[in-house]
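Chain by chain, the residues run as shown.
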Amino acid sequence: KNNDKKRVFFCIPVANQIPSILSEIKSYLINEPTVIKWIPIENIHLTLLFLGDIYNHNISDLIKLLENNISSAKFKIRISKTGMFPSVKSPTILWLGLDRGIDQIKILKNQIEESVKEININYEKKSFIPHITIAKIKTVYPKVDVLPLMNSVYSPREIEVDSISMYQSRLLRD
């Protein structure tokens, strides 16, 4: 394993704002406890950009660039819906979605990408759908009935975004 690198990503931490939403959502999926792996509350976030393995010496340069390149205006996002990837028929990821602040999130992501380009870090460019992963489903069988989740209703939560975080990701085997 290369000790000169860290597996990192940029995100907006949202753990403090969503415990009440999570408990509501879990109650809709009470019959599906074994195959759904809920993300620990302290790890819940909205990923802006996943970089993967980057050299340690690039991290401080990148942070300096971000401090210069990111416009510092606060904005609000609103969590108001649920969904899954890749589809309702075979879900592997359950998520919370936004109905407010999406444009600002995309601008923020672009500002991060511009900073990353300045120090020539290669990363996988994916289409970007702002979402907050709350659970993963490991198995295809038994089928998980996610319709209760699709039909779930919770009162929307506004979150003020006034900072971004860089997290280190460690791959753990289950």
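Let me sum up the structure you'll find in this document. What you see is a predicted model; the values in this text were computed from it and never measured.

Here we look at the side chain of threonine 133
Moving on, step 1. Mapped onto the secondary structure, threonine 133 falls in strand E6 (residues 131-137).
Moving on, step 2. A relative accessible area of 19% places threonine 133 in the buried class.
Moving on, step 3. Beyond its immediate chain neighbours, meaning those up to four positions away, threonine 133 contacts Ile39, Ile44, His45, Ile93, Leu94 and Trp95.

Here's the deal with the pattern of salt bridges
Moving on, step 1. In total, this model carries seven salt bridges according to the counting rule given.
Moving on, step 2. In this structure, lysine 76 and glutamate 160 form a salt bridge, with 3.9 Å as the shortest nitrogen-oxygen distance. On the criterion of sequence distance, the pair formed by lysine 76 in strand E4 (residues 75-85) and glutamate 160 in strand E7 (residues 157-161) is long-range, its members being 84 residues apart.
Moving on, step 3. For glutamate 114, the salt bridge is made with lysine 117, and the minimal N-O distance between the two is 3.3 Å. Here glutamate 114 pairs with lysine 117, and both are found in helix H3 (residues 102-118), just three residues apart, close to one helical turn.
Moving on, step 4. Linked by salt bridges that have partners in common, Lys74, Lys76 and Glu160 make up one network.

Let's talk about the packing of aromatic side chains
Moving on, step 1. Under the counting rule described, the total for this entry stands at three aromatic pairs.
Moving on, step 2. Residues phenylalanine 9 and phenylalanine 50 carry aromatic rings whose centres are separated by 6.3 Å and whose planes lie at 25° to one another, so their mutual orientation is stacked. With phenylalanine 9 in strand E1 (residues 5-13) and phenylalanine 50 in strand E3 (residues 45-55), this residue pair connects regions lying 41 residues apart in the sequence.
Moving on, step 3. With relative accessibility at 7%, the residue phenylalanine 9 sits in the buried group.
Moving on, step 4. Here phenylalanine 85 and tryptophan 95 contribute two aromatic rings whose centre-to-centre distance is 5.3 Å and whose plane-to-plane angle is 40°, an arrangement assigned as tilted. Pair noted here: phenylalanine 85 is in strand E4 and tryptophan 95 is in strand E5 (residues 93-100), with a separation of 10 residues, a long-range link.

Quick look at unusual backbone geometry
Moving on, step 1. Cis geometry marks the peptide bond from phenylalanine 85 to proline 86; its omega dihedral reads -10°.
Moving on, step 2. Residue position: proline 86 is located in the loop between E4 and E5.
Moving on, step 3. Phi is positive for asparagine 120, which is not a glycine, with a value near 55°.
Moving on, step 4. Considering the arrangement of structural elements, one finds asparagine 120 in the loop between H3 and E6.

A short note on helix H1 (residues 19-28)
Given 3.6 residues per helical turn, the α-helix brings residues three or four places apart onto the same face.
Moving on, step 1. Those residues of H1 lying buried are Ile21, Leu22 and Ile25. All buried residues of H1 project into a common sector of 95° when viewed along the axis, lining one side.
Moving on, step 2. Close packing links the buried residues of H1 with strand E2 (36-38), E4, E5, E6, helix H4 (147-150) and E7.

Structural notes on the pairing of E1
Moving on, step 1. Sheet analysis places E1 next to E3, joined by nine bridges and oriented antiparallel. Across the sheet, the residue bridging to arginine 7 is aspartate 53, located in E3.
Moving on, step 2. Strand direction decides the pairing type here: E1 and strand E8 (residues 165-168), joined by four bridges, are antiparallel. By the bridge assignment for E8, valine 8 is matched with glutamine 168.

What about a nonpolar patch on the surface?
Moving on, step 1. On the surface, a nonpolar cluster with roughly 240 Å² of combined accessible area is contributed by Val88, Leu147 and Met150.
Moving on, step 2. Within the secondary structure, valine 88 is located in the loop between E4 and E5.
Moving on, step 3. On the accessibility criterion, valine 88 (37% relative accessible area) is partly exposed.

What counts and what doesn't
- Residues numbered from 1 in each chain as written.
- Predicted model: local features only at pLDDT ≥ 70, side-chain atom pairs only at ≥ 80, totals over all residues.
- Heavy atoms only, no water.
- Helix = DSSP H or I, 4+ residues; strand = E, 2+ residues; numbered from the N terminus.
- Buried < 20%, exposed > 50% of the residue type's maximum accessible area, 1.4 Å probe, protein only.
- Contact = heavy atoms within 4.5 Å.
- Salt bridge = Lys/Arg side-chain N within 4 Å of Asp/Glu carboxyl O.
- Phe/Tyr/Trp six-rings, centres within 6.5 Å; stacked < 30°, edge-to-face > 60°.
- Arc of directions from axis to C-beta.
- Pairing = 2+ DSSP bridges.
- Patch = residues over 30% accessible without salt bridge, like charges linked within 9 Å, V, L, I, M, F, W, Y side chains within 5 Å.
- Areas by Shrake-Rupley, 256 points an atom, 1.4 Å probe, with all protein chains shown as cover.

As far as function goes, none of this settles anything; it's purely spatial.
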